[in-house]
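Residue-level structural notes
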Amino acid sequence: MSITIERDTNEFLKCQGGSVEDKLKNYLKEIDKILDYDIYIVFQFNSNRNVAVTKSYYLKDVDKFNEKVPHSIFFEKNSNYLFNDLIESKEIIEYFHEDNSRCLFDGIKRDIYVPLFSSKDKTMELIGCLYFGTYRNIDFGLDTLSKKVQSYEYISNMSFLLDYSIVEGKNARAMLNIIHVLMMVLEKKDNTLFSHSYNVANWCKRLGSEINLDENEIIKLYIAGLLHDVGKALIDDSIINKNGKLTMEEYEVVKQHSLYSYNMTRKILGEYLEFNGIAEVIKYHHERYDGGGYPEGLKGEEIPFYSYIISICDSVDAMLSERPYKDRYDVQKVIRELQINRGKQFHPELVDVMIDMLSKAQNEYKSLLDSHLSLCYLMVNYKEEVYILEGILTKNGNYYIFSPNDEIEAGKIELEKIVSCEMTVKDSTAVFDYKVKIADIKDNKFYIASIELEKSPDGFNLLWNLEGILYLPIANHEMSVNILRIGGDQLRFSSDESDIFGSLKNKMLRLDILFSDYTVDITGTISKTYKLGHRYYCDFQYRNIPDFKRDKIFRQLFKKQIELRKMCSANKNPLN
């Protein structure tokens, strides 16, 4: 039995109010009046038919329901699920759980799965299903449901809503894929642009969170941060990759990138109403508060506020990054530059917020996984082999998909052989580790069922230009490294050096931490190494170091934070 009613989708949606989830829940409540079951869920299937995502649900008695309604269910690898029967038959399934073996929830006696089909064509494309379950040993309600004319209308309307949601999701994923391709083009142009784009996006997200923007606005800011320099792909390589100072003529060419970025972004995002305004934000990200910027010389309130956010995040990441033509600034110099340009280049209130962010030590930062597009690294562990993949993590409704850059290497991985998986995600100033569970692999894409942040209780993410010297087990060979996170038992450093760290894993090494007033030399081993963007990152575990050296490290950390807080307190003016 299938249920279809021809209807103009756009006209139907105009008559509806509230979110898709709210509308679906209202229809579930109406069906409850007919069916009188206990649990009602609308599931949406992905295009590969291996994941069921909960779009909306209604529980008649929340107190009696002791389980959480799952965000998503990966069912293809588990033939026990009735989803597989539904996909094969495309017919309504009624089930009486005599032994509870195929039960979606503990204690369910009877349930019904009703297929939902796309309203776009006549091919009967299965896009999801309705689930109705009861704890009571009562007769099936299908006959009751089918005799009510209203039930056909409710189910048809829910098909329309689900179809609409799927189209929106496909459009969003298509847009993210385009953005990722553009990021890869930038990486080929100049690998610092690739990392810079993600860094600026993450700074925008953090700053947006600090000033209490809502989630949708933060997502728009994040995308604007990713795309703000995309126009540089149209500028000649000899200018983009020039080591020395640009001539006036070359600088005029580079200044065109904000207009190029604007035109490219306007064409990419033009069909997505939810991203209206992003192109204009990008266009004006090099305008100055005092009117001395480009491309139009706007000033003050003439400049979109979000352009100011891109501007300060762009500048901070540029100052904190090393380039062929300049050294990395230490955080004190960054703060001084922000204070000098407060009310000149930068919006004064944003300067205060950014300085406050730069001068705080953090044990861990809010999860990065709400970014919708994150640069990351996946380590897949077999019993006797490890696969290391660089790629992009995308949020797909209620679950995540990891898309590796190297699909040939990814094609070697078999789900059944995986023992454990770890993921590392790069923020603007730090790197965070996660334990992940891979539920399925389809078309060289990894479907992730769960992600859990690995906390680092003794590691401080205090932003400063802390350098170190790593002594290698090669005669008279040493390497300069940048220390990102440091604690009493371990630290994390990064380097632009070639990939030699894998061969050093578990070998005893010496590392000098170059504090401003003295050096602390420690010994230890590299426990993990990986590449993100153009830099290599290593976790360094201390071995055989005395307590007085740990005390010196902590004293320096606390001293540094006090210095930074004192430095910015005189001009602090928090954003209200």
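Summarised in this report is the structure supplied together with it. Note that the coordinates shown come from a computational prediction; the quantities given were computed from them, not determined experimentally.

Cut-off values and rules
Residues numbered from 1 in each chain as written. Predicted model: local features only at pLDDT ≥ 70, side-chain atom pairs only at ≥ 80, totals over all residues. Heavy atoms only, no water. Pairing = 2+ DSSP bridges. Helix = DSSP H or I, 4+ residues; strand = E, 2+ residues; numbered from the N terminus. Axes fitted to C-alpha atoms, helices over the stretch in contact; angles between N-to-C directions. Salt bridge = Lys/Arg side-chain N within 4 Å of Asp/Glu carboxyl O. Buried < 20%, exposed > 50% of the residue type's maximum accessible area, 1.4 Å probe, protein only. Contact = heavy atoms within 4.5 Å. Polar contact = N/O pair within 3.5 Å; in protein donor to acceptor, adjacent residues only side chain to side chain. Parallel < 35°, antiparallel > 145°, perpendicular 65-115°, else oblique. Left-handed = near helix turned anticlockwise from the far one by under 90°. Nonpolar A, V, L, I, M, F, W, Y, C, P; charged D, E, K, R; others polar. Phe/Tyr/Trp six-rings, centres within 6.5 Å; stacked < 30°, edge-to-face > 60°. Core = buried A, V, L, I, M, F, W, Y, C linked by side-chain atoms within 4.5 Å.

Focus: the sheet that holds strand E18 (residues 535–542)
Spatially, six strands are ordered E13-E14-E15-E18-E17-E16 in a closed barrel, and the strand pairing comes out antiparallel. Mean inter-strand twist for the sheet, computed between neighbouring axes without regard to direction, equals 45 degrees.

Topic: the pattern of salt bridges
Two side chains that carry opposite charge are able to pair once their charged atoms sit near each other. All told, the structure shown has 19 salt bridges when counted by the stated rule. Two residues, Arg 136 and Asp 36, come together in a salt bridge whose shortest N-O distance is 3.5 Å. Within this pair, whereas Arg 136 is found in the loop between strand E6 (126–134) and helix H4 (142–147), its partner Asp 36 is found in the loop between helix H2 (20–35) and strand E1 (39–45), the two being separated by 100 residues in sequence. We classify Asp 36 as partly exposed; its relative accessible area is 37%. One salt-bridge network, in which partners are shared between bridges, spans Asp 32, Asp 36, Asp 38, Lys 60 and Arg 136.

What about the environment of Ser 56?
Along the polypeptide, Ser 56 turns up in strand E2 (residues 51–59). With 33 residues separating them along the chain, Ser 56 and Lys 23 place their C-alpha atoms 8.8 Å apart. Leave out the neighbours within four places in its chain, and Ser 56 touches Glu 21, Leu 24, Lys 25, Leu 28, Tyr 40, Ile 41 and Val 42. A polar atom in the side chain of Ser 56 sits 3.4 Å from the backbone nitrogen of Lys 25.

Some details on the packing of helix H5 (residues 149–189) against helix H7 (residues 215–227)
The contact between H5 and H7 brings their axes to 10 Å, and the two run at 30 degrees. The orientation of H5 with respect to H7, classified from their angle, is roughly parallel. The interaxial crossing formed by H5 with H7 has left-handed handedness. Contacts between H5 and H7 pair Met 175, Ile 179, Leu 182 and Met 183 from the former with Ile 223, Leu 226 and Leu 227 from the latter. A breakdown of the residues in the contact of H5 with H7 according to their chemical character gives seven nonpolar, no polar and no charged.

Describing the packing of aromatic side chains
Counted under the stated rule, the structure contains 18 aromatic pairs. Seen in terms of ring centroids, Tyr 113 and Tyr 131 are 5.2 Å apart; in terms of plane orientation they differ by 70 degrees. Their pairing is edge-to-face. Residue Tyr 113 is found in strand E5 (residues 110–117), and its partner Tyr 131 is found in strand E6; the two are separated by 18 residues along the sequence. For the residue pair Tyr 113 and Tyr 131, the accessibility class agrees, reading buried in each case. Through successive ring pairs, a cluster of aromatic residues spans Phe 43, Phe 45, Phe 75, Tyr 81, Phe 83, Phe 105, Tyr 113 and Tyr 131.

Let's talk about the nonpolar core
One finds Ile 312, Leu 338, Met 354 and Leu 358 to be the most contacted residues of the largest nonpolar core, which totals 68 residues. With nine residues, helix H12 (residues 305–320) is the largest single contributor of residues to this core. When neighbours within four sequence positions are excluded, Met 354 is seen to be in contact with Trp 203, Leu 207, Ile 312, Cys 313, Val 316 and Leu 338. Counting 26 residues, the second largest nonpolar core, distinct from the first, contains Tyr 27, Ile 34, Ile 112 and Phe 132.

Structural notes on the sheet that holds strand E3 (residues 72–74)
Read from one edge to the other, the open sheet built from six strands follows the order E3-E2-E1-E6-E5-E4, with strand pairing classed as antiparallel. Two strands bound the open sheet, and with one partner strand each, they are E3 and strand E4 (93–96). Sheet twist, expressed as the average angle between the axes of neighbouring strands with direction ignored, equals 25 degrees. With six bridges connecting them, E1 and E6 associate as antiparallel partners. Counterpart to Ile 39 in the pairing with E6 is Gly 133. Strands in contact with H2 are E1, E2 and E6; relative to E2, the strand with the most contacts, it is inclined by about 60 degrees.

Re the environment of Glu 217
Note on placement: Glu 217 falls in helix H7. Exposure remark for Glu 217: the relative accessible area of 22% places this residue in the partly exposed category. Between the alpha carbons of Glu 217 and Lys 205 there is a distance of 9.3 Å; along the sequence they are twelve residues apart.

Observations regarding the environment of Gln 345
Along the chain, Gln 345 falls in the loop between helix H13 (331–340) and helix H14 (348–358). With 59 residues separating them in the primary sequence, Gln 345 and His 286 have C-alpha atoms 9.0 Å apart. In contact with Gln 345, not counting residues within four places along its chain, are Glu 287, Arg 288, Tyr 289 and Ser 315. Here Ser 315 takes part through its side chain, which lies 3.5 Å from a polar atom of the side chain of Gln 345.

By themselves, these figures tell us nothing about what the structure is for.
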